[in-house]
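Read off the chains here:
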Amino acid sequence: MSAPAIEFTGVSRWYGDTVSLADVSFTADAGVVGLLGHNGAGKSTTLKLCAGFSTPSTGTVRIYGDNPRRNPDVYRRVGIVPDHSPPWPFLTAREVVELSARLHKVPDYREAAARAIATVELEPAADRRVAGFSHGMRQRVKLAQAIAHEPDLLLLDEPLNGLDPTQREHVIALLIRLGEQGRTVVVSSHVLHEVERMAPRVLVLVNGHLVAEGSTAGIRQLISERPRRVLVTADNARALARELMSSAAVDAVRISDGAIEVETSEPSQLSRELPAAAGRTQSLLRLIRPVGDDLESVYTYLHDRARGQAR
Amino acid sequence: MILPVYRLTLRALLLQRRTIMLAVVVLAPVATSLIYALARPGGSDTVDFYSGIVQKLFVPAVAALVALVFGVSAFGDEREDGTILYLVATPQPRLELVVAKVAAAWTASLVLLVPSLVLSGLLGLGSAASLRLIGWPLVGVVLASLAYCAASSWLSLKTRRPVVIGVIYILLWEGSVATYAASAAKLSISAYGSAFVAHALPQSAPPVAGLVPSALVLAAVVVLAAWGAARSLARTELP
């Protein structure tokens, strides 16, 4: 049996007192894998370790069963799109991609570079210097240099950053296609809906911990199942709160400064029952607003849930 | 596959603004020789003047500084802007990458140093100029600058302040300690470079070693520094 494209075993990475990655284990093989998490969650560290740009403090990282830091030959099968490193500004896009293909030992590197440039739709600007490129164009140069040697494993750190909507669609379609071809494509992002469009499998990182792993639909389900809090302002708040407490959709009710904070695991049911309860108590609803529904709260919930602290 | 990396690095080094500053540095011995040629006192020894320029200014300061800056920039600039990732993420052997980088830094150094030394020689020596008087110092500069380039490339992968450490080594160790203590000169790159100068020009102090031992020491510095740099490149934390 051949070794998986990526194999993390008990990997931790810390810088001084800061833990960037804590005891992370996973494997990745053919298909698109989304690496999801907020800024500073450990996504870039994970990709750096995959790419061999960093060494784990503890644990092991294997790429096709090998350590890329010890055996650079592994890079024949790996393409990398770093987040914060634009290619050499004094080279043209074509020179960058040809250089990459050549260094990856592609026999007909000019032809390979032309193909990659066409794939990312950069042909009109191919002979212009990277220095004059927009952020989106640089992203496409980075992508072209990463795919020119047709790698089996593609590591992309926030590849959609700086792209306009049309380019995003194009890149997403390209990554899906590469995944369907049997390549392993690891894409980091902090935007869930972006990841779920291209990645059937998602790894969620929060504060360096791998807090959820599985199908995109499964992660979406986990997120939708988390308790929600809704702030309700109404005229007859106390009566409405009492009425809501009898509802099966409501887990808890608190009143503070005349506003009702409702905790529910069934937000859809609550949205149906709340107007009815208001009608029964003759309360005029003035405001209904979700609390803590931002992405950060979702990650925090997944983190707490993974550590058995979520309510 | 050294050639594309060599070309890329050479282009990057020669295009940087620092090269203009270094060009000013290499003009110093030329300007001094020009002033001497224009206002030469009657009966002065042109060989003595040229010997002083080469041994006190060119080898220990100008060549050392230029090679240090180019050697550090070969890897240092790419580490800073992250472009080094595009080289490291390739199946190229690390030693080959280092050799290409050091060769590019050396070439860039020679582009500035060789014309400067030759011009200084022609202007300073005047009618006394000969292939021997200019050629041997040139060999010393060429070999010493290679050793400086290799050592500073290694330094740029080992520390975050390679230029500061390099300048301290050049000014404090080579320029001060090694000039007073003969044993300290054995750890001075410029002292071994000066051994070639001494073959053609009069020296105030005996050379630290003969031509062959000096060449061997400089070669050993290059090999060890390149090996160390390749090792560091495989282990260093990249951006």
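Bear in mind the structure is a predicted one, so any value in this text is a computation, not a measurement. (Residues numbered from 1 in each chain as written. Chains lettered and ligands numbered in written order. Predicted model: local features only at pLDDT ≥ 70, side-chain atom pairs only at ≥ 80, totals over all residues. Heavy atoms only, no water.)

Regarding its fold elements, chain A presents ten helices and 13 strands. Overall size of chain A, expressed as C-alpha extent along the three principal axes, is 80 × 45 × 35 Å. A burial count over chain A gives 52% of its 311 residues as buried. Taking the contacts inside chain A whose residues are at least 6 apart along the sequence as the reference set, 68% of them involve residues at least 24 apart. With 37 positive and 37 negative side-chain charges, chain A shows a spacing of 3 Å between the two charge centroids. (Helix = DSSP H or I, 4+ residues; strand = E, 2+ residues; numbered from the N terminus. Buried < 20%, exposed > 50% of the residue type's maximum accessible area, 1.4 Å probe, protein only. Contact = heavy atoms within 4.5 Å. Lys, Arg positive; Asp, Glu negative; His and termini not counted. Charge placed at Lys NZ, Arg CZ, Asp CG, Glu CD.)

Between chain A and chain B, the contact holds 28 residues from the first and 27 residues from the second. Taken over both partners, the interface formed by chain A and chain B buries close to 2,500 Å², and the fraction arising from carbon and sulfur atoms is 63%. Looking only at chain A, the three residues that lose the most surface to chain B are F53, W88 and L103 of chain A, adding up to 29% of its buried area. Close ionic contact of E95 of chain A with R11 of chain B constitutes a salt bridge, the shortest N to O distance being 3.5 Å. At the junction of chain A with chain B, the criterion picks out 14 residue pairs in polar contact (both at pLDDT 80 or more). Going through the elements one at a time, strand 1 (6-15), helix 2 (93-103) and helix 4 (135-147) of chain A are the ones with two or more residues in the side of chain A that touches chain B. If one sorts the elements of the side of chain A that touches chain B by residue count, helix 2 of chain A sits on top with four residues. Of the residues in the side of chain A that touches chain B, the class split is 13 nonpolar, five polar and ten charged. (Buried area = accessible area lost by both parts, 1.4 Å probe. Salt bridge = Lys/Arg side-chain N within 4 Å of Asp/Glu carboxyl O. Polar contact = N/O pair within 3.5 Å; in protein donor to acceptor, adjacent residues only side chain to side chain. Nonpolar A, V, L, I, M, F, W, Y, C, P; charged D, E, K, R; others polar.)

On to the nonpolar core. Counting residues in hydrophobic clusters, the biggest one holds 151 residues, and the most contacted among them are I6, F8, F53, I63, L155, L175 and V204 of chain A. Counting residues per element, this core draws most heavily on helix 3 (residues 46-81) of chain B, at 16 residues. Shared between two domains, this core takes at least three residues from each, and those domains are domain 1 (6-223) and domain 2 (227-306) of chain A. When neighbours within four sequence positions are excluded, V204 of chain A is seen to be in contact with L36, H209, L210, V211, A212, I219, Y299 and L302 of chain A. The next biggest cluster of nonpolar side chains, apart from the first, holds 16 residues, and it includes A234, L244, L274 and A277 of chain A. (Core = buried A, V, L, I, M, F, W, Y, C linked by side-chain atoms within 4.5 Å. Domains from an automatic or database assignment.)

For the coordinates displayed, the defined rule picks out three aromatic pairs over all chains. Centre to centre, the rings of F8 of chain A and F26 of chain A are 4.7 Å apart; their planes meet at 25 degrees, and the pair counts as stacked. One end of the pair, F8 of chain A, is in strand 1; the other, F26 of chain A, is in strand 2 (residues 18-28), and 18 residues separate them in sequence. Just as F8 of chain A is buried, F26 of chain A falls in that class too. Here W88 of chain A and Y86 of chain B contribute two aromatic rings whose centre-to-centre distance is 5.7 Å and whose plane-to-plane angle is 55 degrees, an arrangement assigned as tilted. Note that W88 of chain A is positioned in the loop between strand 5 (78-81) and helix 2 and Y86 of chain B in helix 4 (residues 84-88), a pairing that runs across two chains. Taking relative accessible area as the criterion, W88 of chain A reaches 3% and is therefore assigned buried. The residue whose ring lies beneath R13 of chain A is Y15 of chain A, and the NZ or CZ to ring-centre distance is 4.3 Å. We note K101 of chain B situated over the ring of F75 of chain B; from NZ or CZ to the ring centre the distance is 5.6 Å. (Phe/Tyr/Trp six-rings, centres within 6.5 Å; stacked < 30°, edge-to-face > 60°. Lys NZ or Arg CZ within 6 Å of the ring centre and 35° of its normal.)

What follows deals with the environment of P202 of chain B. Looking at where P202 of chain B falls in the secondary structure, it is placed in the loop between helix 8 (189-198) and helix 9 (211-235). If we skip the residues at most four places from it in the chain, P202 of chain B touches V47, D48, S51 and Q55 of chain B.

Let us look at helix 3 (residues 109-119) of chain A. All names here are of chain A. Of all the residues in helix 3, the buried ones are Y109, A112, A113, A116 and I117. Looking straight down helix 3, one finds that the buried residues subtend no more than 135 degrees of arc, so they occupy a single side. Where helix 3 is buried, its residues contact helix 2 and helix 4. After helix 3 finishes, the residue E121 shows a positive phi value of roughly 55 degrees. (Arc of directions from axis to C-beta.)

Within a sheet, each strand pairs with its neighbour through backbone hydrogen bonds, oriented either parallel or antiparallel. All names here are of chain A. Read from one edge to the other, the open sheet built from three strands follows the order 2-1-4, with strand pairing classed as antiparallel. The open sheet has two edge strands, strand 2 and strand 4 (58-63), and neither has a second partner. Within this sheet the neighbouring strands show an average axis-to-axis angle of 25 degrees, counted without direction. Relative to strand 4, strand 1 is paired through five bridges, and the arrangement is antiparallel. The residue of strand 4 that forms the bridge with E7 is R62. Of the strands in this sheet, strand 1, strand 2 and strand 4 touch helix 1 (residues 43-51), which is tilted by about 120 degrees from strand 1. (Pairing = 2+ DSSP bridges. Axes fitted to C-alpha atoms, helices over the stretch in contact; angles between N-to-C directions.)

As a further point, take the domain arrangement of chain A. All names here are of chain A. Taken domain by domain, chain A holds domain 1 (6-223) and domain 2 (227-306). The C-alpha centroid of domain 2 is placed 41 Å from the C-alpha centroid of domain 1. Contacts between the two partners involve eleven residues from domain 1, matched on the other side by ten residues from domain 2. In total, about 1,000 Å² of surface goes out of reach between domain 1 and domain 2, with carbon and sulfur atoms giving 70% of it. Considering only the side of domain 1, the residues that lose the most area to domain 2 are V211, L222 and I223, jointly responsible for 48% of the buried surface there. For the interface between domain 1 and domain 2, the tally reads zero salt bridges. Here domain 1 is connected to domain 2 by zero residue pairs in polar contact (both at pLDDT 80 or more). Listing elements by their share of the side of domain 1 that touches domain 2, those giving two or more residues are strand 8 (201-206), strand 9 (209-215) and helix 7 (216-225).

All names here are of chain B. Between helix 6 (residues 131-158) and helix 9, the shortest axis-to-axis distance is 8 Å and the interhelical angle comes to 25 degrees. Relative to helix 9, the element helix 6 lies roughly parallel. Read as a crossing pair, helix 6 and helix 9 show a hand that is left-handed. In this structure, helix 6 contributes W136, L143, A144, L146, A147, A150, A151, W154, L157 and K158 to the contact, and helix 9 contributes L211, L218, V221, V222, A225, G228, A229, S232 and L233. Residue classes in the contact of helix 6 with helix 9 are distributed as 16 nonpolar, two polar and one charged. (Parallel < 35°, antiparallel > 145°, perpendicular 65-115°, else oblique. Left-handed = near helix turned anticlockwise from the far one by under 90°.)

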